[in-house]
Amino acid sequence: MNARTPLIVGNWKMHRDHLEAIQLLQRLAYHLTEEDTAEQETVVCPPFTALRSLQTLIQSDRMAVALGAQDCHPDPEGAHTGDISVPMLARLDVRYVVVGHSERRLHHGEDDALIARKARAALAGGLRPIVCVGEGETARESGQAEEVVLAQVRGSLVDVSPAEAADLVIAYEPVWAIGTGRTATPADAQDMAAAIRGALAERYDEATAAGIRILYGGSVKPANIRSLMTLDDVDGVLVGGASLSAEDFALIVGHRRGV
Ligand code: PGA
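Residues numbered from 1 in each chain as written. Predicted model: local features only at pLDDT ≥ 70, side-chain atom pairs only at ≥ 80, totals over all residues. Heavy atoms only, no water.

## Remarks on the pairing of strand 1 (residues 7–11)
Within strand 1, five of the five residues are buried, which leaves the element mostly enclosed by the surrounding structure. Burial along strand 1 is two-sided: the residues L7, V9 and N11 and I8 and G10 are all buried. Two elements, strand 1 and strand 2 (residues 41–45), share five bridges in a ladder whose sense is parallel. From the neighbouring strand, G10 faces strand 2, where its bridge partner is V44. Pairing geometry for strand 1 and strand 8 (residues 236–239), over four bridges, is parallel. (Buried < 20%, exposed > 50% of the residue type's maximum accessible area, 1.4 Å probe, protein only. Helix = DSSP H or I, 4+ residues; strand = E, 2+ residues; numbered from the N terminus. Pairing = 2+ DSSP bridges.)

## As for the environment of L238
On the secondary structure map, L238 appears in strand 8. On the basis of relative accessible area, L238 is assigned to the buried category, the value being 1%. Along the backbone, L238 and C132 are 106 residues apart, and their C-alpha atoms lie at a distance of 9.5 Å. Sequence-distant contacts of L238, defined by excluding residues within four places in its chain, comprise V9, N11, I130, C132, A171, E173, L215, Y216, G217, G218 and V220. (Contact = heavy atoms within 4.5 Å.)

## A word on the layout of surface pockets
Space inside the largest pocket adds up to approximately 470 Å³. Lining the largest pocket are 18 residues, and of these K13, M14, Q70, R104 and H108 sit closest to its centre. No other element matches the three residues that helix 5 (residues 102–107) contributes to the lining of the largest pocket. Partitioned by chemical class, the residues of the lining of the largest pocket number seven nonpolar, six polar and five charged. (1 Å grid on protein atoms, 1.4 Å probe; cavity = no way out; pocket = protein on both sides within 12 Å on 5 of 7 lines; lining within 4 Å. Points joined across faces, edges and corners; volume = space filled by probe spheres on them. Nonpolar A, V, L, I, M, F, W, Y, C, P; charged D, E, K, R; others polar.)

## Let's talk about the environment of P6
Summarising the element assignment, P6 is placed in the segment before strand 1. Measuring from C-alpha to C-alpha, the distance between P6 and T42 comes to 8.7 Å, with 36 residues separating the pair along the chain. In this view, P6 contacts E39, Q40, E41, R213, M229 and D235; residues no more than four positions away in its chain are not counted.

## Topic: the side chain of R105
Positionally, R105 belongs in helix 5. Of the residues examined, R105 reaches a relative accessible area of 16% and is grouped as buried. One polar contact links R105 to D112, side chain to side chain, over a distance of 2.6 Å. Looking at R105, its side chain comes within polar contact range of the main-chain oxygen of C132, at 2.8 Å. (Polar contact = N/O pair within 3.5 Å; in protein donor to acceptor, adjacent residues only side chain to side chain.)

## Let's talk about the site of the ligand
What surrounds the ligand is a group of 13 residues, the closest being K13, H101, E173, G179 and S219. With respect to the ligand, the side chain of K13 contributes an N or O atom lying 2.7 Å from an oxygen atom. Relative to its unbound accessible surface of 280 Å², the ligand loses 95% to contact with the protein. Partitioning the shell around the ligand into residue classes produces four nonpolar, seven polar and two charged. (Near = heavy atom within 4 Å. Areas by Shrake-Rupley, 256 points an atom, 1.4 Å probe, with all protein chains shown as cover.)

## Let's talk about the packing of helix 6 (residues 112–124) against helix 8 (residues 145–156)
At their nearest, the axes of helix 6 and helix 8 sit 7 Å apart, and the two run at 50° to each other. With respect to helix 8, the element helix 6 is oriented oblique. Contacts between helix 6 and helix 8 pair D112, A113, I115, A116 and A119 from the former with A151, Q152, G155 and S156 from the latter. (Axes fitted to C-alpha atoms, helices over the stretch in contact; angles between N-to-C directions. Parallel < 35°, antiparallel > 145°, perpendicular 65-115°, else oblique.)

## Points about the sheet that holds strand 3 (residues 66–69)
Judged by pairing direction, the barrel is parallel, and its eight strands sit side by side in the order 1-2-3-4-5-6-7-8 before closing back on the first. Here the strands of the sheet are splayed against their neighbours by 25° on average, with no regard to which way each runs. In terms of strand pairing, strand 7 (residues 213–217) meets strand 8 through three bridges, oriented parallel. Bridge pairing in strand 8 links L215 to G236. Contacting strand 2, strand 3 and strand 4 (94–99), helix 3 (residues 51–61) runs over the sheet at an angle of about 170° to strand 3.

## Some words on the side chain of S102
Within the secondary structure, S102 sits in helix 5. Once you skip the residues sitting within four places of it in the chain, S102 turns out to touch V175 and I178.

Scope: geometric values only; no functional claims are made or implied.
Put into structure tokens, the structure is as follows:
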């Protein structure tokens, strides 16, 4: 056991309008027990358009679920048509923000330098960035997975100071495992998480690295959650597809239940 609080994050991606989002969160809350959410953090990241509705629902029903956003702009305000700033998210009680998801790296051309600025902006605005890293299939097959991932970790954290690093979350999501039904083996997930922690210790120091949470993401389901949560260096999961089912996500959050 370590002192890191487990963190289970649902990334709804571009699914659910605000009315559907309310229903999904209500169903999730119905399936969750108090024990499920105790001593760990549960976060849902809906589309921006649903944040305000879910903020209201979480507050009024005192749900043990926090809000995350799927992206942010590095500037606090400005002429950036279509973007959303960290202060805007903070005003909606958003606690976490995903930065550098592989879908944004791929489809929006985001590079490590931009992701580093977003991570820094999130921390400066009181949010916890979930910095996503992960190798593609070619890198995995050619034995370069670790090199690629650690370069992303270093490149995405250049702007994050040691004092801020405690609030960082890193999500290791091998691109070939996202939405494909293929999950990294527990041994591969552990090896990469340990390598990431090693890179964090080099960048900061051992104690800081030991406090940073590292998540695994990529086809996480009720059937594989337990084997992932028992890994020494994996402190939680980032869940895409399975977080859109209230029943499945409740089973993932409730992984400690003996069912
Ligand atoms: P998945 O997505 O669980 O559907 O593979 C994970 C993610 O993209 O965060």
